[in-house]
Amino acid sequence: MRTLVILGGGTAGTMAANKLRARLAAEEWQIIVIDKDDNHDYQPAYLFVPFGINKVKQVRKSRRSFIDDGIEVRMADIERVDAEARLVHLGDGSELGYDYLIMATGTTPRPDQTPGMLGPEWRKSVHEFYTYDGMLALKKSLKDFQGGRLVMHITELPIKCPVAPLEFVMLADDFLTKKGVRAATEIVYVTPLDGAFTKPVASRELGHHLSTRNIKVEPDFMIESVDQEAKVIRSYDEREVAYDLLVTVPLNMGADYVAASGLGDELNYVPVDKHTNQSTAYPNIFALGDGSNLPTSKAGSVAHFSVEVFVDNFCELIEGRPMTHSFDGHANCFVESGNGRALLLDFNYETEPLTGHFPLPVGPMSLLKATRANHVGKLAFRHVYWNVLLPGRPLPLHAEMSMLGKRVEPQPVDA
Amino acid sequence: MPTTTIAGRQIDVDAEGFLTQPDQWDEDLALTLAANIGITLTDAHWVPIHFLRKDFETQKETATLRRVSTVGGIPVKELFVLFPGKPAKKMSYIAGLQKPKGCV
């Protein structure tokens, strides 16, 4: 009997567990999933609940109920992985041996890493929307908001779902307009990047969406501290941005046990081969989902596509064959733009998000353009997530990105 | 890839002027690159530049500002003083490396 231990029962861990259970013989392979609690949240809803687009009760379900019966699920904190001894040390003092290990413990907002962020105004006038509690607190503050300076701020990249802060300001514009306080509100988007987004075409298209909504961008802002008394955020180069309501994306970091195990980089992400998700240090360890250092978006779509490639590779590896499948960095993200419309981004390691159409069996969706079809697609995805994606059922989306329908712009000519 | 002449040498650069061949770099070239963006290199400047070069040898990619600070031990505040405005971009430009990946 061989043992596969999966640390983390989120999107990547659950999908990998279910898909592998279907492929690995029960009399030869034991699969164990470890997580600290039984709460599986549909995380895109963290952004929607504060605006009333999703209901609170639509967010959370039982983790166990999405994991196949042939998989053992244990609730425990993870202390440390001893990769040489192939052992996981758990918080209850027990240890667990493995033949193969999947680290899928994601990324977590760390407001403690920025001086002043966790002051007395945390979850009152200073918020984040990447946790269940943060979502609830922000919902209340937005309901009570009567105008002033609303500042959306990003601490540092990489962050989970890098388009979410853009969605937040566009949804806030829509929400505050309907609430009748938009005219009394200044919305400011503060980013460490030099524009609205990282990649040129998307930055231009999304930047246009912000300017038409009268949302000001404050670029190249590296935060040093939050001053909750003066209600300003300060940068290392001594700029100040004043706020009445601050919504920040705190520094994102991988789990602390990753650092304690000596398996992480400076942000506790596990260095992996970007085409196979295999640890660069130990061939029997893989990192899936947001907790790896893959140079692409930390997003559910990346977890989904890379897990599909991983499962095929893993089945080859355990039979002693070379891994022949390669993940191309494929990500696609819906970007809610308010007024019942959304944009769609589709890209990989080599190709930046472009304009054009996204080929789908159910009909084309527009890329980088706000349409109702994209919005309907995004809302429908919650059902797809619970009922198709997590159980590991096939979806008509290819792991490998397609250039079909994409508009390739001429490259700038150098002088 | 375009080629340009810097300090009398043929150098391969990208559209923004960052070197694409790190092995074409040496300390003499760094002086010229720094001067191009209005920086006169002092001993304090050389510390992060040498860190970036050394780190690149093992990591095969340019260290982020956080990595220079946490692994290289140079406070971010100091990097902003040495390379005003955009330290990550300016340091990597002078060190003859690609700018750190703007994470997607």
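On a predicted model such as this, the values are computed, not experimentally measured, just so you know. (Residues numbered from 1 in each chain as written. Chains lettered and ligands numbered in written order. Predicted model: local features only at pLDDT ≥ 70, side-chain atom pairs only at ≥ 80, totals over all residues.)

Secondary structure summary: chain A contains eight helices and 25 strands in total. In terms of overall size, chain A behaves like a compact globule, its C-alpha atoms giving a radius of gyration of 22 Å where 415 residues would be expected to give roughly 22 Å. Dimensions of chain A along its principal axes, counting C-alpha atoms only, are 65 × 50 × 50 Å. Counting only residues that meet the buried cut, chain A has 46% of its 415 residues in that class. Put simply, of all contacts in chain A between residues at least 6 apart along the chain, 65% involve residues at least 24 apart. (Helix = DSSP H or I, 4+ residues; strand = E, 2+ residues; numbered from the N terminus. Rg over C-alpha atoms; globule rule 2.2 N^0.38 Å. Buried ≥ 20, exposed ≤ 12 C-beta atoms within 10 Å, placed from the backbone. Contact = placed C-beta atoms within 7 Å.)

The next thing to look at is the interface of chain B and chain A. Each side of the interface is counted separately: chain B has 16 residues, and chain A has 19 residues. Taken together, the residues that form the side of chain B that touches chain A break down as eight nonpolar, three polar and five charged. (Nonpolar A, V, L, I, M, F, W, Y, C, P; charged D, E, K, R; others polar.)

Moving on to the sheet that holds strand S24 (residues 365-367) of chain A. All names here are of chain A. With respect to topology, three strands assemble into an open sheet ordered S24-S23-S25, the strand pairing being antiparallel. Across the chains shown, the open sheet's two edge strands, defined by having one partner strand only, are S24 and strand S25 (406-407). Bridge analysis of strand S23 (residues 355-358) against S25 gives two bridges, and the strand direction is antiparallel. By the bridge assignment, threonine 355 is partnered in S25 with arginine 407. (Pairing = 2+ DSSP bridges.)

This part takes up the domain arrangement of chain A. Residue and element names in this part refer to chain A. When cut into domains, chain A gives domain 1 (2-48 + 62-109 + 253-317) and domain 2 (111-252). Centre-to-centre, using C-alpha coordinates, domain 1 lies 31 Å away from domain 2. Of the residues lining the interface, 11 residues belong to domain 1; the matching set on domain 2 comes to 19 residues. For the side of domain 1 that touches domain 2, the element with the most residues is strand S10 (residues 107-109), which contributes three residues. Residue classes in the side of domain 1 that touches domain 2 are distributed as five nonpolar, three polar and three charged. (Domains from an automatic or database assignment.)

For any two helices packed against each other, the geometry comes down to the angle between their axes and how far apart the axes lie. Residue and element names in this part refer to chain B. Viewed as axis vectors pointing N to C, helix H2 (residues 43-59) and helix H5 (residues 87-94) meet at an angle of 70°, and their least axial separation amounts to 9 Å. In terms of orientation, H2 and H5 fall into the roughly perpendicular class. Between H2 and H5, the contacting residues are Pro48, Ile49 and Leu52 on the first element and Met91, Ser92 and Ile94 on the second. Residue composition of the contact of H2 with H5, grouped by class: five nonpolar, one polar and no charged. (Axes fitted to C-alpha atoms, helices over the stretch in contact; angles between N-to-C directions. Parallel < 35°, antiparallel > 145°, perpendicular 65-115°, else oblique.)

We now examine the sheet that holds strand S20 (residues 285-287) of chain A. All names here are of chain A. An order of S5-S2-S1-S9-S20 is seen for the five strands of this open sheet, with the pairing classed as parallel. In the strand order of this sheet, the two ends are held by strand S5 (72-75) and S20, each with one partner. Here the strands of the sheet are splayed against their neighbours by 20° on average, with no regard to which way each runs. In this sheet, strand S9 (residues 100-103) lies alongside strand S1 (residues 2-7) in parallel orientation, the contact comprising four bridges. Bridged to leucine 7 within S9 is methionine 103. Sitting on the sheet, helix H1 (residues 11-23) touches S1, strand S2 (29-35) and S9, and the angle it makes with S2 is about 165°.

Moving on, we get to helix H8 (residues 372-389) of chain A. Residues and elements named next belong to chain A. Most pronounced at histidine 383, the bend in H8 amounts to some 35°. Among the residues making up H8, those that are buried are Asn374, His375, Lys378 and Leu389. At its buried positions, H8 is contacted by H1, helix H7 (300-317), strand S21 (331-338), strand S22 (341-347) and S24. (Bend = angle between axes of the 7 residues up to and from the residue.)

All names here are of chain A. Direction of pairing for strand S12 (residues 148-154) relative to strand S13 (residues 185-190): parallel, over a ladder of six bridges. In the sheet register, methionine 152 faces S13, and the bridge partner there is tyrosine 189. Direction of pairing for S13 relative to strand S14 (residues 215-218): parallel, over a ladder of four bridges. The residue of S14 that forms the bridge with tyrosine 189 is valine 217. With respect to chirality, the unit in which S13 leads through helix H5 (residues 200-212) into the neighbouring parallel S14 is right-handed. (Right-handed = clockwise from strand over helix to strand, strands pointing away.)

A few words on the nonpolar core. Ile6, Ala16 and Leu288 of chain A are the most contacted members of the largest nonpolar core, which has 115 residues in total. Viewed by domain, this core spans two of them, domain 1 (2-48 + 62-109 + 253-317) and domain 2 (111-252) of chain A, each represented by three or more residues. One finds Ile11, Val68, Leu79 and Met91 of chain B within the second-largest nonpolar core, a separate group that totals 18 residues. (Core = buried A, V, L, I, M, F, W, Y, C linked by C-beta atoms within 7 Å.)

Once that is clear, we can look at the packing of H1 of chain A against H7 of chain A. All names here are of chain A. The interhelical angle for the contact between H1 and H7, taken along N-to-C directions, is 30°, at an axis separation of 9 Å. Between H1 and H7, the crossing angle belongs to the class labelled roughly parallel. For the pair H1 and H7, the sense of crossing is right-handed. Taking contact as the criterion, the partners of Thr11, Ala12, Met15, Ala16, Lys19, Leu20 and Arg23 in H1 are, on H7, Gly300, Ala303, His304, Val307, Phe310, Val311, Phe314 and Cys315. Taken together, the residues of the contact of H1 with H7 break down into 10 nonpolar, three polar and two charged. (Left-handed = near helix turned anticlockwise from the far one by under 90°.)

Residue and element names in this part refer to chain A. The element S21 is extensively covered by neighbouring structure, given that eight of its eight residues are classed as buried. Looking at chain direction, S21 and S22 are connected through seven bridges and run antiparallel. By the bridge assignment for S22, glutamate 336 is matched with alanine 342. Connecting S21 to the antiparallel partner S22 that follows it, the hairpin turn spans two residues, and asparagine 339 within it adopts a positive phi of roughly 55°.

It is worth spelling out the environment of threonine 280 of chain A at this point. Residues and elements named next belong to chain A. Structurally, threonine 280 can be placed in the loop between helix H6 (256-260) and S20. For the pair threonine 280 and valine 270, spaced 10 residues apart in sequence, the C-alpha to C-alpha distance is 8.6 Å. Look past the residues within four positions of threonine 280 in its chain and what remains in contact with it is Pro271, Val272 and Asp273.

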